[in-house]
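The primary structure of each chain is shown beneath.
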Amino acid sequence: MTWVGASVPRKEDQRMLLGRGRFTGDINRGAALHAAFARSPHAAASLGPIDLSQALAAPGVVAACTAADLGDPALLAVLERPEFVPTRLPLLAIGQVRHVGEPVAVVVAGDPYTAEDAAELVAVDYTAQPAVASLDGARAPGARPVHDGPAGNCLVDLTMFDDDRLPGIFATAPVLVGGRLRSGRLAALPLEGRACLAEWDERDGQLVMHVSTQVPHQVRSGVAQALSLAERQIRVIAPDVGGGFGLKCVVGREELVVAAMALRLRRPVRWVEDRQENLTASFHGHEQCYDVRAAFDADGRILGLAADIDCDVGAYSAFPFTCGVEPLMAATELPGIYKVPAYRARGRAIASNKAPTAPYRGVSRPQLVLVMERLMEKAARQLGLDPLTVRRRNMISPGEFPYTGVNGITYDEGSYAESLDRAEKQVAEAGWAAERDRLRGQGLRAGIGYSCFSERTAYGTPVMSLRRMRMTPGYDTASVRMDPSGEVIVTTGTCGHGQGHETTFAQIVADRLGIDPGQVRLREGDTDLASYGWGTWGSRSIVIGGSAASRAAEQVAAQLRAVAAHLLEASAADIELAAGTARVRGDASAALPISELARIVHFQTHRVPEPLRYGLEARSSFDPPGTFSNGCHAAMVSIDVGTCEIRLRRYLVVEDCGVVINPMIVDGQVRGGVAQGVAAALLEQVRYDAQGQPGSATLMDYLAPTAAELCPIEITHLETPSAHSETGAKGMGEGGTIGAPAAVLNAVNDALAGTGTSFDHIPVLPSDIHAALTGAARGEGGTA
Ligand code: MCN
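Quick caveat, the model's predicted, so the values are computed rather than measured. (Residues numbered from 1 in each chain as written. Predicted model: local features only at pLDDT ≥ 70, side-chain atom pairs only at ≥ 80, totals over all residues. Heavy atoms only, no water.)

*Asks:* Let's hear about the side chain of serine 419: which residues, and what values?
*Replies:* With respect to the secondary-structure elements, serine 419 resides in helix α12 (residues 416-429). Residue classification places serine 419 among the buried residues on the basis of a relative accessible area of 1%. In this structure the side chain of serine 419 is engaged in a polar contact, spanning 3.4 Å, whose partner is the side chain of asparagine 630. (Helix = DSSP H or I, 4+ residues; strand = E, 2+ residues; numbered from the N terminus. Buried < 20%, exposed > 50% of the residue type's maximum accessible area, 1.4 Å probe, protein only. Polar contact = N/O pair within 3.5 Å; in protein donor to acceptor, adjacent residues only side chain to side chain.)

What follows is the structure, encoded as structure tokens:
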């Protein structure tokens, strides 16, 4: 029996469910001051003098500062490419504001209410300018530049791939499909917004920061770079973090301002973001537009693909990923699981007067899957073929792994065809078609949609270095230490924030050491525990951190075997570690509890030879080329032709993330991800008007999904182990979000079959349906 593969209950849930979690806002410092920000009400304006006098005079206010007072600190995220235009991210705006909600001054007071009231007394002389509030507006000839310098507001312009055969292919192919496919701007919406508590530790000469972040080391580097400190002078701790979804894998300027104020005042300073700030002034994602063309042969095989991809990245490049993250991923990974012989892709990051963007869950994969799945459907319709047949004819098939695509990506072994076969079989066996017909018989419109995809995960240094980020993430490290009582501490540079790492890392290490996961304690999210770590994003933790922990645990296991062999006068190769005991294989009487070995190594060191003395401890690292999970989603929706409400009726996921460490946790990840993907398809959208004013600043306007909008999600696991992780696991934390929008959109279009309308954008809203059903909408899906 192994712990890996078992649905071990989540260790972290006990404290969460009993209200004993410790989030940044819970950390009590009697003398803590509170920061609030004066923020721009304009999307674009030049900044005249800022008058802090009234704010400073307010009772209870301790300090107030502008950028100039702080020496105009800034962050700079850089791609080392000529096609990239770096844009300085000032911690507080100076001279110019570029989006509503941009902080222009900070006020610090004894309580948050006083600080917020005083922030409203900051008098700023704005001269409003016309805003660049849409992709079309930003790209239009003569558009006002968001930043001085780049033409057409283009911060990155990269033609990643090209093929001079494409014009010929498009001229002669029997079938051409394409169109403009768009996805709306999204907010990640973690339950806990951003939060930070910074305090100067006089004794250690260290700025200690508790931050609600996914990337403590990058926050440390950001503080060090912006405030000119050595990294050792800063300790960043992520306590319990109430979700991040990518929003917290970049460094927030407010966190750094709080650090600057704590340094200046030598008192603890706290800032806790409210929901309005979270929706308007943090980071968004996924506002993308694809102009695509694809050529197919008469059998439905793709011959060529060309795409121009524009991402509205908002006003600034977030640190450290830069605004290149969405267009680079989109242009590189668009072909996905399909064999594309000839490919051209240009990806651009377009600046606008909106909040900046971060790598929100899935980054560009939900969109690129949506694009490819729509192309498959369109080609099938034109050819009169079953859309699933067209997918099968194009996907990488079982004998072809490892497969290197036209985009240079090598896909490790996956179950692309099998997952589609399974999904189709389950849909048939569960009678979805009959249910769809029954719904149609009741006067509803109803449809079924599929999506097939791979989820590239665990991007290691070999892959990340191709992006040419000045700070190149990838590897991670872990250490495993057994204490004198036989309990184990694992430390790593990853930083779970809801994924259940305390449980799954413990399962891996417990198997290696032959102990119970209850004896393993994971410590992550503290920069003083790992020399450097890249945090948790890109579904990297179980492959990269988990493999580093597995390797370190193997080394400790070898140390235990050597100690046991010495004490039991046996060969180390004959010692097995299981159920808390080291025993000589085949000799039931020759055994010692592992806790006894730990006690001897620490307290009776003289009983073991020199190389085995002074502790049981090892450190290791891992840096993979990456893993590819895969899956197939199927969705059924119904549309009420009276109210235009779209209802999700059925949802099914077949997913393959290699060896499953904890099926219950993986199911939870899939369900949460699907909820976010369904919401992206049917509900959520960050809105701005033509002046760049946000129209979705509260949860009344930004429609997060609730249980009422979802339906039960059936999940089937396939397991194709990866050769690129120590455990055989592949990452999977984004797959639900990646597969869902395409499946739902295809289901909506199936429901609309016969109306002459289909959609190529998300979210599809009741207003779109109304237009479709009243004939007001033109078929943007073209021939689909
Ligand atoms: N797992 C497993 N077996 C596998 C793969 C994963 O048991 N074969 C488990 C892991 O042990 C881990 C979880 O599933 O507990 C997710 O693992 P992994 O795929 O490595 O992803 P990360 O832990 O690196 O998490 C990042 C991923 C991303 S990129 C986003 S965005 C996201 C997500 O996780 N944000 C989340 N899931 C989230 N879940 C919560 N609750 N909150 C967020 O903000």
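*Asks:* Report on the environment of aspartate 125, specifying residues and quantitative values.
*Replies:* Positionally, aspartate 125 belongs in strand β8 (residues 123-128). Judged by relative accessible area, which is 42%, aspartate 125 ranks as partly exposed. In the structure, aspartate 125 is positioned 79 residues away from serine 46 in sequence and 8.3 Å away in space, judged by C-alpha atoms.

*Asks:* Go over the pairing of strand β29 (residues 616-622) with me, naming the residues and quoting the values.
*Replies:* Going residue by residue along β29, you find Leu616, Ala618, Ser620 and Phe622 tucked away on one face and Glu617, Arg619 and Ser621 left uncovered on the opposite face. For strand β23 (residues 476-482) and β29, the ladder comprises 7 bridges, and the chain directions are antiparallel. Paired with serine 479 across the two strands is arginine 619, which belongs to β29. (Pairing = 2+ DSSP bridges.)

*Asks:* Can you explain the site of the ligand? Please cite residues and give values.
*Replies:* Taken together, 32 residues are adjacent to the ligand, and Gly244, Gln499, His501, Gln669 and Met732 come closest. One nitrogen or oxygen atom from the main chain of glycine 244 is found 2.7 Å from an oxygen atom belonging to the ligand. Contributions of two or more residues to the shell around the ligand are made by α15 (501-513), α16 (541-568) and α18 (663-682). A per-element tally of the shell around the ligand places α18 first, with 3 residues. In the shell around the ligand, the residues fall into 11 nonpolar, 17 polar and 4 charged. (Near = heavy atom within 4 Å. Nonpolar A, V, L, I, M, F, W, Y, C, P; charged D, E, K, R; others polar.)

*Asks:* An account of the sheet that holds strand β24 (residues 488-492) is needed here, citing residue identities and associated values.
*Replies:* Pairing is mixed across the open sheet formed by 4 strands, whose spatial order is β25-β24-β23-β29. Looking at strand neighbours, the two that pair on one side only are β25 (520-524) and β29, the edges of this open sheet. Averaged over neighbouring strand pairs, the angle between their axes works out to 15° when direction is ignored. Relative to the sheet, α15 contacts β23, β24 and β25, its axis offset from that of β25 by approximately 130°. (Axes fitted to C-alpha atoms, helices over the stretch in contact; angles between N-to-C directions. Contact = heavy atoms within 4.5 Å.)

*Asks:* Describe in detail the sheet that holds strand β10 (residues 175-183), supporting the description with residues and values.
*Replies:* Read across the open sheet, the 6 strands follow the order β9-β19-β18-β17-β10-β33; overall the sheet is mixed. Of all strands in the sheet, those with a lone pairing partner are β9 (154-161) and β33 (761-762), marking the two edges. Bridge count between β10 and strand β17 (residues 288-296): 9 bridges; the pairing is antiparallel. Within β17, the residue paired with valine 175 across the bridge is phenylalanine 296. Across the face of the sheet, helix α10 (residues 365-383) comes into contact with β10, β17, β18 (302-314) and β33 while running at roughly 145° to β10.

*Asks:* How would you summarise helix α13 (residues 432-441) if you had to cite specific residues and measurements?
*Replies:* The periodicity of an α-helix, 3.6 residues per turn, causes residues three or four places apart in sequence to face the same way. Within α13, burial applies to Trp432, Glu435, Arg436 and Leu439. For α13, the buried positions fall inside an angular range of 100° around the axis, keeping them on one side. More than 90 degrees from the buried face of α13, the exposed residues found are Ala434 and Gly441. Turning to α13, the residues buried within the fold contact α12, β22 (445-457), β30 (627-639), β31 (646-656) and α19 (735-751). (Arc of directions from axis to C-beta.)

*Asks:* Explain the pattern of salt bridges to me, using residue names and the numbers behind them.
*Replies:* Per the counting criterion, the structure on display carries 48 salt bridges. The salt bridge partner of arginine 39 is glutamate 254, with a shortest N-O separation of 3.0 Å. Of the two residues, arginine 39 sits in strand β1 (residues 33-39) while glutamate 254 sits in helix α7 (residues 253-265), which places them 215 residues apart along the sequence. Each member of the pair arginine 39 and glutamate 254 is classed as buried. A salt bridge links aspartate 750 to arginine 436; its shortest N-O distance comes to 2.7 Å. Of this pair, aspartate 750 sits in helix α19 while arginine 436 sits in helix α13, and the two are 314 residues apart along the sequence. (Salt bridge = Lys/Arg side-chain N within 4 Å of Asp/Glu carboxyl O.)

*Asks:* Please set out helix α3 (residues 112-119) residue by residue, giving values where relevant.
*Replies:* Three or more residues of α3 are buried, namely Thr114, Ala115, Ala118 and Ala119. Down the axis of α3, the buried side of the element spans an arc of 135°, and every buried residue falls inside it. Away from the buried face of α3 by more than 90 degrees, exposed residues Tyr113 and Asp117 are located. On the buried face of α3, the contacting elements are β1, α2 (53-57), β3 (61-66) and β7 (103-109). Two or three places before tyrosine 113, at the start of α3, stands the capping residue aspartate 111, its side-chain oxygen 2.9 Å from that residue's backbone nitrogen.

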